[in-house]
Amino acid sequence: MTSSGLFPLVPLIVFLPAAGLLINIIFGGRMNEKAIGAIASAASGLAFVVSVLLGYALWSGNGEAVVVPLADWIHIGALNVAWNFRVDTLSVLMMLVVSGVGTLIHIYAIGYMHEDVRLKNDIPRYRRFFVFMNLFIAMMMILVSGDSYLMLFVGWEGVGLCSFLLIGFWYEMDTLGRPSWANSNAAKKAMIANRIGDFGFLLAAFTMFWWFKSLTFADVFAGAATVPASVILFITLFLLVGVAGKSAQIPLYVWLPDAMAGPTPVSALIHAATMVTAGVYLVARSAPLYTLVPAAQTTVALVGAITALFAATIAVGQYDIKKVLAYSTISQLGFMVAAVGMGAFVAGMFHLITHAFFKALLFLSAGSVILGVERGHHHLAHHDEHAGSSHEEIHSTESSEVFDPNDMRNMGGLRKQMPVTFWVYLVGALALAGIFPLAGFWSKDEILADAFTKFPVVYWLLTIAAFLTAFYMGRQIWMVFFGSPRHAAAEHAEESPRVITVPLMILAALAILGGALNLPGVDSLTLWLEHTIAGVEAGQFNFLVAGLSTGLALLAIYFSWLLYGRRPLVEGQPDPLKKLLGPVFRVFERRYWVDEAYWALFINRYVDVSRFLADVIDGRFWHDWFHEKVLAGTYNWLSRTVLDLRVDQQFIDAIANGLGNLTRRVSGELRRLQNGFVRSYALAVLLGVVIIIGWLVLK
Amino acid sequence: MPNTIPLSWYLGISAVLFTMGALGVLIRRNPLIIFMSIELMLNSANLAFVAFARSFGVLTGQIFVFFVMTVSAAEVAVGLALIVIIFRNKHSIDVDLMNSLKG
Amino acid sequence: MNLTLILFIVLAAVAVAAAAGLLISRNTVYAALFLVLNFATVAVFYLILGAPFIALAQVTIYAGAIMVLFLFVIMLLGADKLPRGQVLPWQRPMAIVLAAVLLAEAGFLLFQRLHITAGLANPDASVNTTQALQTLGLALFSQYLLPFEVTSVLLLVAMVGVIVLTKKEKGEPG
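*Asks:* Outline the overall build of chain B, supporting the account with residue identities and numerical values.
*Replies:* What chain B contains, in helices and strands, is three helices and zero strands. For chain B, the succession of helices and strands along the chain, N to C, is α-α-α. Relative to its 103 residues, chain B shows a buried fraction of 55%. For chain B, contacts bridging at least 24 residues in sequence account for 44% of all contacts bridging at least 6.

Right under this line is the structure:
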């Protein structure tokens with residue numbers, strides 16, 4: 001088979017996960033957990049195989065884009081949208097990342113969810129998880145393979161939906177398992193923040209349609225040079241709003257930390273590796289538009305850089321192991337957005353890939369840590385109980401104790417109990433910190449090198465953020481794995497089963513070797529992406545930048561050792577940084593009070609407005625006044641006073657009665673002729689005779 | 001006897017007698033007088049008939065008078081019988097007292 | 001001025017006067033007698049007009065039978081004076097008015113439309129009485145036989161009717 005014959009396979013990347021989810025929906029009730037997980041993972045795995053085949057086809061061809069049409073969708077007036085698949089180097093790259101990392105996370109989730117549904121006491125919900133995960137893969141594939149902004153948006157919305165479904169997976173409880181609105185609220189928050197971003201995206205799309213009469217990439221990019229620059233500026237800035245929503249940049253990042261309410265595989269797949277990178281992909285895809293307006297590029301780069309630094313400072317003050325990683329994700333996304341904003345598209349995509357590897361690794365490992373601590377807590381409750389207690393009592397005692405397995409202050413010394421997890425976590429942390437020769441070093445350095453030449457302000461912002469990144473990862477490693485356990489649960493923690501640790505090891509290998517994707521001089525990724533994004537050049541390896549960043553990272557790790565490693569924390573001890581930074585630490589710890597500000601400035605005001613509309617406008621004005629008084633009152637007045645009284649009673653009845661009276665009176669008068677006297681009858685006869693004769697006479 | 005009197009004079013007499021008969025019917029309250037007035041009217045009609053018969057020179061008018069007389073005789077008989085009966089019941093012959101037809 | 005004219009005028013006057021007497025007289029018997037006088041006058045008129053049979057029939061039937069019948073009933077009922085009392089106030093004036101109008105109309109017809117009556121043949125020749133009688137009899141029994149017979153039935157009916165009407169019920173006071 002020639003390689004070009006492989007291109008028509010591309011719809012399978014959507015339909016294989018769709019088939020997986022349908023099988024699980026229809027037959028899942030009769031399958032056991034392993035089978036459900038296997039079907040879902042196989043669907044994702046086969047999609048990966050197809051992506052590899054497509055990549056091969058592109059590579060053995062000349063790398064030119066191929067459009068594979070599937071179906072016609074909309075034909076309204078000038079709007080013609082078809083569901084076409086675009087196979088080019090950029091989209092195939094994304095497909096490989098999504099399906100590859102996704103499959104590993106599916107396999108991990110088989111084991112993770114097995115324990116999670118038992119901890120939360122709802123075993124049948126296992127199936128729903130994998131259905132949603134497959135749906136996510138399908139939607140993400142639609143996003144990256146679309147040939148037009150509208151198909152991209154379909155996937156965009158679809159992943160937003162899956163994000164909602166999966167964040168709120170345990171919708172009736174909070175992260176500690178107590179009945180609460182917390183998880184549902186987190187899902188809602190994600191949906192709403194994304195919606196605001198989508199609004200920006202839609203405005204950009206409408207503008208595109210208005211000016212180009214089409215939404216396909218080809219048409220938009222072809223027409224971009226012919227329209228005024230202000231139009232392109234408008235489009236690119238509103239696309240940035242969408243990016244800020246989906247990729248968690250300032251000001252719409254607030255949903256991502258709350259999204260940690262979802263199970264850990266969700267955080268890994270959606271909120272670290274794939275969905276949040278959709279914004280970066282969007283900017284890379286829209287490169288022809290951004291390169292036309294330098295003002296937009298500056299804006300995007302600055303937004304990314306400021307977000308990177310801002311989120312890194314918050315990560316320093318967090319105690320929840322997943323929240324640290326969440327803010328770290330926001331920060332790293334800032335790196336990527338800054339990169340593609342500056343025009344360093346290859347650097348941005350490179351970092352996207354390596355970040356997918358090590359962030360997924362870190363999240364999954366964190367999940368392993370949390371499960372391990374939970375296991376320890378569970379066994380603790382069992383051992384401490386008297387011999388005669390029932391299982392239910394033990395469980396109820398557990399939940400009433402309010403033990404937070406995510407809190408790093410409850411951990412410590414876990415490298416002894418969970419060695420595999422420790423080593424893979426260490427690899428991930430070092431990769432994130434950008435230590436040579438792990439993957440993160442190469443990608444982050446490429447960004448910094450590009451920033452150094454193109455945009456110095458961004459360079460310094462990102463460098464400080466990189467310093468803080470290394471610092472908070474070090475802090476995390478010392479607090480979780482070193483020292484001695486600060487809680488009995490951590491003492492009894494157990495290592496996770498192989499179905500969890502094996503994917504972790506694979507990801508660790510990728511995190512170590514991932515740098516090979518775009519080594520300076522070899523520049524494989526640059527060459528690959530050259531076919532799709534015009535004007536990318538291979539970055540020069542800048543020893544100064546590399547040296548400075550590595551030095552700063554090592555310095556940061558040393559500082560973290562000074563604070564957290566030399567004298568490990570004991571139970572109940574406050575964070576040493578508090579003493580050092582004082583009130584500044586409190587600002588980090590409280591996340592700059594951004595959520596509180598949003599509540600006060602926007603959400604509560606919105607509630608006020610809607611309450612006003614409901615009570616005053618709808619209630620008092622429309623209902624009480626307009627409906628009751630005006631409409632109903634008028635109607636009642638009309639029917640009672642006008643129609644009933646005046647028309648019916650006074651007018652119509654008057655006519656009816658009047659006719660009757662008239663008839664009576666007339667007949668009463670006429671009756672007097674019948675007086676019974678013969679003589680008067682005779683008179684009448686004579687009168688008639690006279691008249692007749694008179695008429696005859698006069699005729 | 002030669003007829004030198006114009007027809008119209010006879011008709012005039014007839015008309016006068018008829019009118020007076022009509023007056024009698026209308027004015028008097030005694031049913032017998034009323035009846036007699038009716039006879040007067042019939043009589044005047046007879047006169048007109050005969051005058052016309054003489055005028056046209058035919059006998060048709062006279063024959064008609066013959067029949068009118070006969071019928072009037074029968075009518076008088078029945079009418080008087082009725083008056084007698086009414087008198088038996090009401091003990092008065094005032095026509096104005098017989099107003100049972102009053103509606 | 002011939003005899004016929006004088007006779008006519010006198011007879012006319014008498015007839016009218018008798019009729020007036022009938023109208024006016026309060027006594028029923030007097031009224032009946034006035035009527036008899038009127039009938040007699042009219043009989044003479046008939047004679048002038050050359051209808052002897054009719055004239056005699058008038059006297060026999062009207063004055064002889066009918067008026068006698070009237071007088072019988074008058075005697076039977078008693079010619080009481082009727083009490084005065086006006087029940088219908090409009091009756092008398094209206095009647096007089098209408099009668100006057102009627103008379104006026106008749107007069108108008110007679111004297112303004114003379115041409116109707118003037119064209120009629122006015123035979124001056126005397127009437128052969130015997131001839132007239134013969135012709136009348138023949139006509140009566142040939143051409144007008146049916147009405148003749150029907151008239152006899154009518155008289156029968158009248159007689160039967162009278163008897164039935166005036167028959168006393170058992171136990172009814174007479």
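*Asks:* Talk me through the overall build of chain C; I want residue IDs and the actual numbers.
*Replies:* Looking only at helices and strands, chain C features seven helices and zero strands. Listing each helix as α and each strand as β along chain C from the N terminus yields α-α-α-α-α-α-α. Taken over 174 residues, chain C has a buried fraction of 21%. Contacts spanning at least 24 positions in sequence make up 52% of the contacts within chain C whose residues lie at least 6 apart.

*Asks:* Just give me the short version of the interface of chain C and chain A, but keep the residues and values in it.
*Replies:* Across the boundary between the two partners, chain C contributes eleven residues, which contact ten residues of chain A. When the residues that make up the side of chain C that touches chain A are grouped by side-chain class, the tally is nine nonpolar, one polar and one charged.

*Asks:* Residues and numbers for the packing of helix α3 (residues 60-90) of chain B against helix α3 (residues 52-77) of chain C, please.
*Replies:* The contact between α3 of chain B and α3 of chain C brings their axes to 11 Å, and the two run at 5 degrees. The pairing of α3 of chain B with α3 of chain C is recorded here as roughly parallel in orientation. Facing α3 of chain B, whose interface residues are Q62, V65, F66, M69, A73, V76, A77, L80, I83, V84 and F87 of chain B, α3 of chain C presents I54, A57, I61, Y62, A65, I66, L69, V73, L76 and L77 of chain C. Classifying every residue of the contact of α3 of chain B with α3 of chain C by side-chain character gives 20 nonpolar, one polar and no charged.

*Asks:* Can you break down the confidence of the model for chain C residue by residue, with the values?
*Replies:* All names here are of chain C. Residues with a pLDDT of 70 or more make up 83% of chain C, whose mean pLDDT is 84. Within chain C, the lowest mean pLDDT, 63, falls on helix α5 (residues 114-118), and the highest, 93, falls on helix α2 (residues 28-48). Both confidence scores are given for the complex: pTM 0.66, ipTM 0.90.

*Asks:* Give me the nonpolar core: which residues, what numbers.
*Replies:* Counting 223 residues, the largest nonpolar core has M141, A360, L361, L462 and A511 of chain A as the members making the most contacts within it. Among the elements that take part in this core, helix α15 (residues 345-384) of chain A stands out by supplying 22 residues, more than any other. The next biggest cluster of nonpolar side chains, apart from the first, holds 68 residues, and it includes L683 of chain A together with A15, Y62 and L98 of chain C.

*Asks:* Would you mind going over helix α1 (residues 12-27) of chain A in detail, with residue names and values included?
*Replies:* Residues and elements named next belong to chain A. When the terminal C-alpha atoms of α1 are compared, their 21 Å separation across 16 residues agrees well with the 22 Å that a helix rising 1.5 Å per residue should span. I13, V14, L16, P17, G20, L21 and N24 are the residues of α1 that are buried. Those residues of α1 that are buried lie in contact with α2 (33-60), α3 (89-119) and α4 (125-145).

*Asks:* Can you tell me about the interface of chain B and chain C, naming the residues and giving the values?
*Replies:* On the chain C side, the residues contacting the 60 residues of chain B number 68 residues. Of all the secondary structure elements, the ones that give two or more residues to the side of chain B that touches chain C are α1 (7-27), α2 (31-56) and α3 of chain B. It is α3 of chain B that contributes the most residues to the side of chain B that touches chain C, 20 residues altogether. Tallied by class, the residues present in the side of chain B that touches chain C amount to 42 nonpolar, 13 polar and five charged.

*Asks:* Now, about the packing of helix α14 (residues 321-342) of chain A against helix α20 (residues 456-481) of chain A: what can you tell me, with residues and values included?
*Replies:* Residue and element names in this part refer to chain A. Between α14 and α20, the shortest axis-to-axis distance is 11 Å and the interhelical angle comes to 160 degrees. Comparing their axes, α20 and α14 come out roughly antiparallel. For the pair α14 and α20, the sense of crossing is left-handed. Together, I321, V324, S328, S331, F335, A338 and M342 of α14 and V458, L462, A465, T469, Y472, Q476 and V480 of α20 make up the contact between the two elements. Of the residues that constitute the contact of α14 with α20, the class distribution is ten nonpolar, four polar and no charged.

*Asks:* Requested: an account of unusual backbone geometry, with residues and values cited.
*Replies:* Residues and elements named next belong to chain A. Along the chain, I250 connects to P251 via a cis peptide bond; the corresponding omega equals 0 degrees. Along the polypeptide, P251 turns up in the loop between α8 (229-246) and α9 (255-258). For the bond from F436 to P437, the omega torsion is -5 degrees, close enough to zero to count as cis. Not every positive phi belongs to a glycine, and A248 is a case in point at roughly 55 degrees. Position of A248 relative to the elements: it lies in the loop between α8 and α9. The class of A248 is buried, set by 32 C-beta atoms lying within 10 Å.

*Asks:* Explain the environment of A225 of chain A to me, and be specific about the residues and the numbers.
*Replies:* All names here are of chain A. Its place among the elements puts A225 in the loop between α7 (217-223) and α8. Under the C-beta neighbour-count criterion, A225 is labelled exposed, with 10 such atoms within 10 Å. Sequence separation of A225 and L292 is 67 residues, and the distance between their C-alpha atoms is 7.8 Å.

*Asks:* Which residues make up the pairing of strand β2 (residues 79-87) of chain A, and what values go with them?
*Replies:* Residue and element names in this part refer to chain A. When strand β1 (residues 66-76) meets β2, the two strands line up antiparallel, connected through nine bridges. In the sheet register, V66 faces β2, and the bridge partner there is V87. Counted between consecutive antiparallel strands, the loop separating β1 from β2 contains two residues, among which G77 sits at a positive phi close to 60 degrees.

Criteria and thresholds
Residues numbered from 1 in each chain as written. Chains lettered and ligands numbered in written order. Predicted model: local features only at pLDDT ≥ 70, side-chain atom pairs only at ≥ 80, totals over all residues. Helix = DSSP H or I, 4+ residues; strand = E, 2+ residues; numbered from the N terminus. Buried ≥ 20, exposed ≤ 12 C-beta atoms within 10 Å, placed from the backbone. Contact = placed C-beta atoms within 7 Å. Nonpolar A, V, L, I, M, F, W, Y, C, P; charged D, E, K, R; others polar. Axes fitted to C-alpha atoms, helices over the stretch in contact; angles between N-to-C directions. Parallel < 35°, antiparallel > 145°, perpendicular 65-115°, else oblique. pLDDT = per-residue confidence, 0-100. Core = buried A, V, L, I, M, F, W, Y, C linked by C-beta atoms within 7 Å. Expected span 1.5 Å × (residues − 1). Left-handed = near helix turned anticlockwise from the far one by under 90°. Pairing = 2+ DSSP bridges.

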